[in-house]
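Report on the structure
Spelled out, the chains give:
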Amino acid sequence: LSWNEGGVDMRYIIKYATSEDGISWQRTNQIVLNTEGNESAVVRPSILRESDVYHMWFSRRIGKKETCHIGYATSNDGLAWHRKENLSLTVSPT
């Protein structure tokens, strides 16, 4: 399983891909985390599976050249993600 980023209309989103061997990947073009509100990007996902729950930390940018944040989301299946907005962390002014 892989979650990678892809650009759509100059917005960056996180998509899902699969692999049998970890070398050759099949992209499904399925968006698993899209931008919301005035976000211009959600990128660089890091995924941890703990018991039956997936945890994702990702970088998110608000606006075109605004503050970067670390976002957090959880999922039971790695496909449907639920953001935890109250756990977002601001990391830089640009």
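Residues numbered from 1 in each chain as written. Predicted model: local features only at pLDDT ≥ 70, side-chain atom pairs only at ≥ 80, totals over all residues. Heavy atoms only, no water.

1. Observations concerning the packing of aromatic side chains
Filter applied, for reference: Aromatic pairing here means that ring centres of Phe, Tyr or Trp (its six-membered ring) are within 6.5 Å. Orientation follows from the plane angle: under 30 degrees is stacked, over 60 is edge-to-face, and everything else is tilted. For helices the rule is a DSSP run of H or I covering at least 4 residues; for strands it is a run of E covering at least 2, with both sets numbered from the N terminus onward. Buried residues are those whose accessible area, probed at 1.4 Å on protein chains only, stays under 20% of the maximum for their type, while exposed residues exceed 50% and partly exposed ones sit between those limits.
One pass over the structure, following the stated rule, counts 2 aromatic pairs. Relative to Tyr72, the ring of Trp57 lies with its centre 5.3 Å away and its plane at 45°, an arrangement referred to as tilted. Taken as a pair, Trp57 in strand β5 (residues 53-62) and Tyr72 in strand β6 (residues 68-75) lie far apart in primary sequence, 15 residues in all. A relative accessible area of 36% places Trp57 in the partly exposed class.

2. Notes on the environment of Ile70
Turning to its location among the elements, Ile70 is positioned in strand β6. Given the relative accessible area of 33%, Ile70 is considered partly exposed. As for Ile70 and Val43, which are separated by 27 residues in sequence, their C-alpha atoms are 9.8 Å apart.

3. Some details on the nonpolar core
To keep it simple, the criterion reads: For the purposes of this section, nonpolar cores are sets of buried Ala, Val, Leu, Ile, Met, Phe, Trp, Tyr and Cys residues that join through side-chain atoms within 4.5 Å.
The biggest cluster of nonpolar side chains holds 10 residues, and these are Ile14, Tyr16, Val32, Leu33, Val42, Tyr54, Met56, Phe58, Ala73 and Trp81. If you list the elements that add at least two residues to this core, you get β2 (11-18), β3 (26-33) and β5.

4. Thoughts on the pairing of β5
This is how it is decided: Two strands form a pair only when DSSP identifies at least two bridges running between them.
Bridge count for strand β4 (residues 39-50) against β5 is 9 bridges, and the pairing is antiparallel. Looking across to β5, one finds that Leu48 is bridged to His55. Linkage of β4 to β5, two consecutive antiparallel strands, is achieved through a turn of 2 residues, within which Ser51 is found at a positive phi near 60°. When β5 meets β6, the two strands line up antiparallel, connected through 8 bridges. Following the sheet pairing, Arg60 is matched in β6 by His69.

5. Things to note about the pairing of β6
Within β6, 7 of the 8 residues are buried, leaving the element largely enclosed by the surrounding structure. Sheet topology places β6 next to strand β7 (residues 82-83); 2 bridges connect them, and they run antiparallel. Among the inter-strand pairings, Ala73 is bridged to a residue of β7, identified as Arg83. Here β6 folds back onto β7 in antiparallel fashion, the turn holding 6 residues, of which Gly78 has a positive phi close to 80°.

6. Side note on the pattern of salt bridges
This is how it is decided: Each reported salt bridge corresponds to a side-chain nitrogen of Lys or Arg within 4 Å of a carboxyl oxygen of Asp or Glu.
According to the stated counting rule, one finds 4 salt bridges in the structure shown. With a closest N to O distance of 3.5 Å, Arg83 and Glu36 form a salt bridge. Taken together, the positions of Arg83 in strand β7 and Glu36 in the loop between β3 and β4 put the pair 47 residues apart, joining distant regions of the chain. One salt bridge in this structure joins Arg49 and Asp52, with 4.0 Å as the shortest N-O distance. Each member of the salt-bridge network shares a partner with another, and the members are Glu36, Glu39, Arg60 and Arg83.

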